[in-house]
Amino acid sequence: MAEETKVWVSTDAIARVINPNSKNSTRRFGSTSSDVTSDDGHVNWGWTFASVVSGGHSGDDGALDGKSPVKVQIEDEESEYNRTTVEIPGKDIDDGFVVMANVHGDEDGSDFGDSDDENGNFEDGACGYPDDLITLTHLHEPAVVHCLKKRYAKDKIYTNTGPILIALNPFKRCNKLYSDRVMKQYWQRGERAMLMGTSKSEDNSEELSPHVYDLADATYRSMMLRLDDGRGGVDQSILVSGESGAGKTVTTKFIMQYLATLSEMKAESGKEGGSPSKSKKQRQNKLRGSLNRSDSKNDVNIEQQVLQSNPILESFGNARTVRNDNSSRFGKFIEIRFKSDGTLIGASIETYLLEKVRLISQTLGERNYHVFYEMLAGMTDEDLEAVRLDDYSAEDFKITSCSGTYDRRDGVKDTDTFEDLVDALEVMGFDEG
């Protein structure tokens, strides 16, 4: 085997060799406990990077086998075993505790080149961390996690794995990632592909990174292509899943925003003469779901109404939890319907499953549904007096005070979200009375 063959080694396997009598199999960063997080905040995710010194190989295909032990040198500055040489039994190789690593970075196999350009910007390509994980030579848990980690460090929060889009919560605002200019890029590429009868992968005019807009566009184009061909069964589905705080709510909003924007473009381009009836700024404001109070209710379009369902759903169905300040405490199936020309005609929620127990009980550090705190914080004195709440706060009601938690940690103010709720209700046609 080549001297510089890189592998990933399970920290469990290393711990068993170095400390055969110890029950602790997740030691890292000098921690002496079995917790995955050490005292200095680092996390042991179960694998460490190493170079093969000898053994563990037969044949010329570069594969590992368990006919003999493999001696490796740990090359991981985050590991307490860094620069340590250990011999891993052949059985652990067969059991998958030692796997081949992919070559990233410099041509010599160093994983620390990162393929930055002269301006420090991250570059994809043969030596970088790919947009699509299925292009990795060795596809397994450490390879996937390592690639995602490196991309995340460069603010590349989206990565494809075949038809699946992986999104990592950046825990910060990324306004440039969702600008009108970025949306236009994905829309234009989708338009070119449809006109030329090619797939987006065949369009070499512009390299675009994985994005939720790309996923939404592909879904829309697939629906329209089958409609144009006169074929049945044009329904398309997008499944958004993940653990609490992963970003499901925000991702769903971006998908709906993109689809509504495409519908608006179709509607405007279909008008006589192809000239939009509204200014660009007016269309952008409406698609973002903002409504000027001076606007007529008759000026509200279906795209805006679909988007403005989100603030209502969040106020009545989202709450602060231990892990997430805007956690959706319900499951829903949203059906968005389009006409044959690609314009949106409506949306409905077919299934809605609410966490009802939260209404009467919340654990320490959590809140009830946002709407209760939004009303008490955002209503005017006159409105509060009208419903006899003018002398009360969230601390005065059991359903909003049993956990002793009243605010949000993410910087979002209940007064602001209440204003969004009122605007959304007006757009949806609810009367003030």
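Small disclaimer: the values here were computed from a predicted structure and weren't measured. (Residues numbered from 1 in each chain as written. Predicted model: local features only at pLDDT ≥ 70, side-chain atom pairs only at ≥ 80, totals over all residues. Heavy atoms only, no water.)

1. A look at the packing of aromatic side chains
Each aromatic ring pair is specified by the distance between its two centres and by the angle formed by the two planes. Threshold: Here a Phe, Tyr or Trp ring, Trp counted by its six-membered ring, pairs with any other such ring whose centre lies within 6.5 Å, and the pair is stacked when the planes are under 30 degrees apart, edge-to-face when over 60, and tilted otherwise. Each helix is a run of DSSP H or I of at least 4 residues and each strand a run of E of at least 2, with the numbering of both proceeding from the N terminus. When accessible area is computed with a 1.4 Å probe and restricted to protein chains, residues below 20% of their type maximum are described as buried, those above 50% as exposed, and intermediate ones as partly exposed.
Throughout the structure, instances matching the rule amount to nine aromatic pairs. On the basis of an interplanar angle of 90 degrees and a centroid distance of 6.4 Å, the ring pair of Y213 and F254 is categorised as edge-to-face. Of this pair, Y213 sits in helix α5 (residues 212-228) while F254 sits in helix α6 (residues 248-269), and the two are 41 residues apart along the sequence. A ring pair is formed by Y213 and Y258, whose centres lie 5.2 Å apart and whose planes are at 25 degrees; its orientation type is stacked. With a gap of 45 residues between them, Y213 in helix α5 and Y258 in helix α6 connect regions that are remote in the sequence. For the pair Y213 and Y258, one class covers both residues: buried.

2. A few points about the confidence of the model for the protein
The predicted structure's coordinates, where accompanied by low pLDDT, should not be read in detail. This is how the line gets drawn: Values of pLDDT, ranging from 0 to 100, describe the predictor's confidence in every residue of the model. Pairs of residues are marked as contacts when any of their non-hydrogen atoms sit within 4.5 Å.
With 76% of its residues at a pLDDT of at least 70, the protein reaches an overall mean of 81. Ranking the elements of the protein by mean pLDDT puts helix α7 (residues 280-287) last with 49 and helix α10 (residues 370-378) first with 97. The low-confidence segment residues 25-35, where pLDDT is below 50, has 36 contacts with residues more than four positions distant or belonging to other chains. Ignoring residues within four places in sequence, the model shows residues 112-127, a span with pLDDT below 50, making 28 contacts including any to other chains.

3. Here's the deal with the packing of helix α9 (residues 309-317) against α10
Stated precisely, the cut-off is as follows: The axes used here are C-alpha line fits, helices contributing only the stretch in contact, and every angle between their N-to-C directions lies in the interval 0 to 180 degrees. Should an angle fall under 35 degrees it is taken as roughly parallel, and over 145 as roughly antiparallel, whereas 65 to 115 is taken as roughly perpendicular and any remaining angle as oblique. Basically, the charged four are Asp, Glu, Lys and Arg, the nonpolar ten are Ala, Val, Leu, Ile, Met, Phe, Trp, Tyr, Cys and Pro, and anything else, Gly included, counts as polar.
Remark: α9 packs on α10, axes separated minimally by 5 Å, with the N-to-C direction vectors making an angle of 100 degrees. By the criterion of interaxial angle, the relationship of α9 to α10 is roughly perpendicular. Contacts between α9 and α10 pair E314, S315 and F316 from the former with H370, V371 and E374 from the latter. Partitioned by chemical class, the residues of the contact of α9 with α10 number two nonpolar, two polar and two charged.

4. Observations regarding the sheet that holds strand β1 (residues 6-10)
Note the following rule: Only strands that DSSP links by at least two bridges are regarded as paired with each other.
One open sheet accounts for five strands, arranged β4-β3-β2-β1-β5; its pairing is antiparallel. Here the strands that pair on one side only, and so sit at the sheet edges, are β4 (85-88) and β5 (98-100). Going from strand to strand, the sheet's axes swing by 40 degrees on average, the running direction of each strand aside. Here helix α3 (residues 141-153) sits on the sheet in contact with β1, β2 (47-55) and β5, set at roughly 105 degrees to β1.

5. Let's talk about unusual backbone geometry
Of note in the backbone geometry, R83 takes a positive phi value of approximately 70 degrees without being a glycine. If you trace the backbone, R83 turns up in the loop between β3 (70-74) and β4. Positive phi is not limited to glycine here, since R388 has a value of about 60 degrees. Of the residues examined, R388 reaches a relative accessible area of 71% and is grouped as exposed.

6. Looking at the pairing of strand β6 (residues 158-161)
Each regular strand carries side chains that alternate between the two faces of the sheet. Taken together, the four bridges between β6 and strand β7 (residues 164-167) define a ladder with antiparallel strand orientation. In the sheet register, T159 faces β7, and the bridge partner there is I166.

7. A few points about a nonpolar patch on the surface
Put simply, the rule is: Excluding any residue in a salt bridge, patches collect residues exceeding 30% relative accessible area, merging like charges within 9 Å and nonpolar Val, Leu, Ile, Met, Phe, Trp and Tyr side chains within 5 Å. Exposure was quantified through the Shrake-Rupley algorithm and a 1.4 Å probe, taking into account, for residues, occlusion by the shown protein chains and nothing else. Here a salt bridge means any side-chain nitrogen of Lys or Arg lying within 4 Å of a carboxyl oxygen belonging to Asp or Glu.
On the surface, V357, L359 and I360 cluster together into a nonpolar patch covering about 280 Å² of accessible area. Looking at the element boundaries, V357 is found in the loop between β11 (344-354) and α10.

8. Observations regarding the side chain of S10
Residue placement: S10 occurs in strand β1. In contact with S10, other than residues within four places in its own chain, are G46, W47 and F97.

9. Some remarks on the pattern of salt bridges
Taken as a whole and judged by the stated rule, the model has 19 salt bridges. As a salt-bridge pair, E191 and R221 come within 2.4 Å of each other at their nearest N and O atoms. One end of the pair, E191, is in helix α4 (residues 180-196); the other, R221, is in helix α5, with 30 residues separating them in the sequence. Its relative accessible area of 22% is what places E191 among the partly exposed residues. Sharing partners across several salt bridges, the network here consists of R329, E355, R358 and E366.

10. Some points on helix α13 (residues 414-427)
Condition: For a helix, the expected span equals 1.5 Å multiplied by the residue count minus one.
With 14 residues, α13 should cover 20 Å at 1.5 Å per step; its first-to-last C-alpha distance of 20 Å lies within 8% of that length. All of the buried residues along α13 are D414, T417, F418, L421, D423, A424, E426 and V427. Residue G429 follows α13 closely and has a positive phi angle near 95 degrees.

11. Notes on the side chain of S51
Convention followed: Here a polar contact means two N or O atoms within 3.5 Å. Within protein one must be a hydrogen donor candidate and the other an acceptor candidate, and residues neighboring in sequence count only if both atoms are side-chain atoms.
Looking at where S51 falls in the secondary structure, it is placed in strand β2. Owing to a relative accessible area of 4%, S51 belongs among the buried residues under this scheme. Among the polar contacts listed, one links the side chain of S51 to the side chain of E75, at a separation of 2.8 Å. Apart from the residues lying within four places of it in its own chain, the contact partners of S51 are E4, T5, K6, K71, V72, Q73 and E75.

12. Points about empty space enclosed by the protein
Any empty space left between the atoms is revealed when a probe the size of a water molecule rolls over them. Basically, it comes down to this: Two kinds of site are reported from a 1 Å grid over the protein atoms alone, namely cavities, where a 1.4 Å probe fits but cannot get out, and pockets, open sets with protein on both sides within 12 Å along at least five of seven lines, and residues are called lining when an atom falls within 4 Å of a point. Grid points are joined across faces, edges and corners, and a volume is the space filled by probe spheres set on the points.
Tallying each qualifying case throughout the model produces two cavities of 30 Å³ or more. When its volume is computed, the largest cavity comes out at roughly 50 Å³. Around the largest cavity sit T249, T252, K253, N310, L313, E314, N318, S328, F330 and K332, which together line it. Only α6, α9 and β10 (330-338) provide two or more residues apiece to the lining of the largest cavity.

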